[in-house]
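An overview of the molecular structure
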Amino acid sequence: MRKATTLALIATGLVALGCGSGATETSKSSGDGGKGEDAPAKTAKIGQPARDGKFEFTVKSAKCGVAKVGTDLLGEKAQGQFCLVTVNVKNIGKEAQMFDGSSQKAYAADGTEYSADGGAAIYANKNAETFLNDINPGNQVSGVVVFDIPKNVKLTKLELHDSPFSGGVDVALG
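In this report, we go over the structure that sits alongside the text. (Residues numbered from 1 in each chain as written. Predicted model: local features only at pLDDT ≥ 70, side-chain atom pairs only at ≥ 80, totals over all residues. Heavy atoms only, no water.)

1. Here's the deal with the pattern of salt bridges
- Taken as a whole and judged by the stated rule, the model has four salt bridges.
- Arg 51 is paired through a salt bridge with Glu 56; the nearest N and O atoms lie 3.0 Å apart.
- A residue is classified by how much of its surface remains accessible, and Arg 51, at 40% relative accessible area, is partly exposed.
- Given a relative accessible area of 17%, Glu 56 falls into the buried group.
- Here Lys 157 and Asp 170 are joined by a salt bridge, their closest N and O atoms 3.3 Å apart. With Lys 157 in strand 9 (residues 155-160) and Asp 170 in strand 10 (residues 169-172), this pair connects stretches of sequence that are 13 residues apart.
- Judged by its relative accessible area of 23%, Lys 157 falls in the partly exposed class. (Salt bridge = Lys/Arg side-chain N within 4 Å of Asp/Glu carboxyl O. Buried < 20%, exposed > 50% of the residue type's maximum accessible area, 1.4 Å probe, protein only. Helix = DSSP H or I, 4+ residues; strand = E, 2+ residues; numbered from the N terminus.)

2. Looking at the packing of aromatic side chains
- Scanning all chains against the criterion turns up three aromatic pairs.
- Their ring planes at 70° and their centres at 6.1 Å tell us that Phe 55 and Phe 99 sit as a pair that is edge-to-face. Here the residue Phe 55 occupies a position in strand 2 (residues 55-70), and Phe 99 occupies one in strand 4 (residues 97-99), the gap between them amounting to 44 residues. Across the pair, Phe 99 and Phe 55 agree in class, each one buried. (Phe/Tyr/Trp six-rings, centres within 6.5 Å; stacked < 30°, edge-to-face > 60°.)

The quantities given are spatial measurements derived from coordinates; they are silent on function.
In structure tokens, the structure reads:
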């Protein structure tokens, strides 16, 4: 019994390592000071391309203070306020890569981390551009990543990821 439990734990660990093997943590062209890497990297700004793994992100705009996304019949109301971040995502790799809006993070000035709201993003995007979208090499999509944050909070940066396991790249919002 003990041997079977040990083998099951080892197998689970190997599967977990295998799931992360497709995620490559590249040297950031933009970042938050390196996050433990040798050379500090700068933070990209709105309109500047920033790379993480197989994706090149360009944040086009960020609009906060939105109370509802969608239509009167189908939509979602914010708990606080929605921040709608329009981002262009280009696959710079050599194979298809899945973009998942829920892997993206936003931060306030005090370092508080906010997760993307995948449900609201469905209503904010006409063609589900930010929901588990496979992007072939050389192709790109534009979509809206949605964050539901308190009304009195202002976002200062985004951390964009090519996968849930990547190091991410920072984009300043101010």
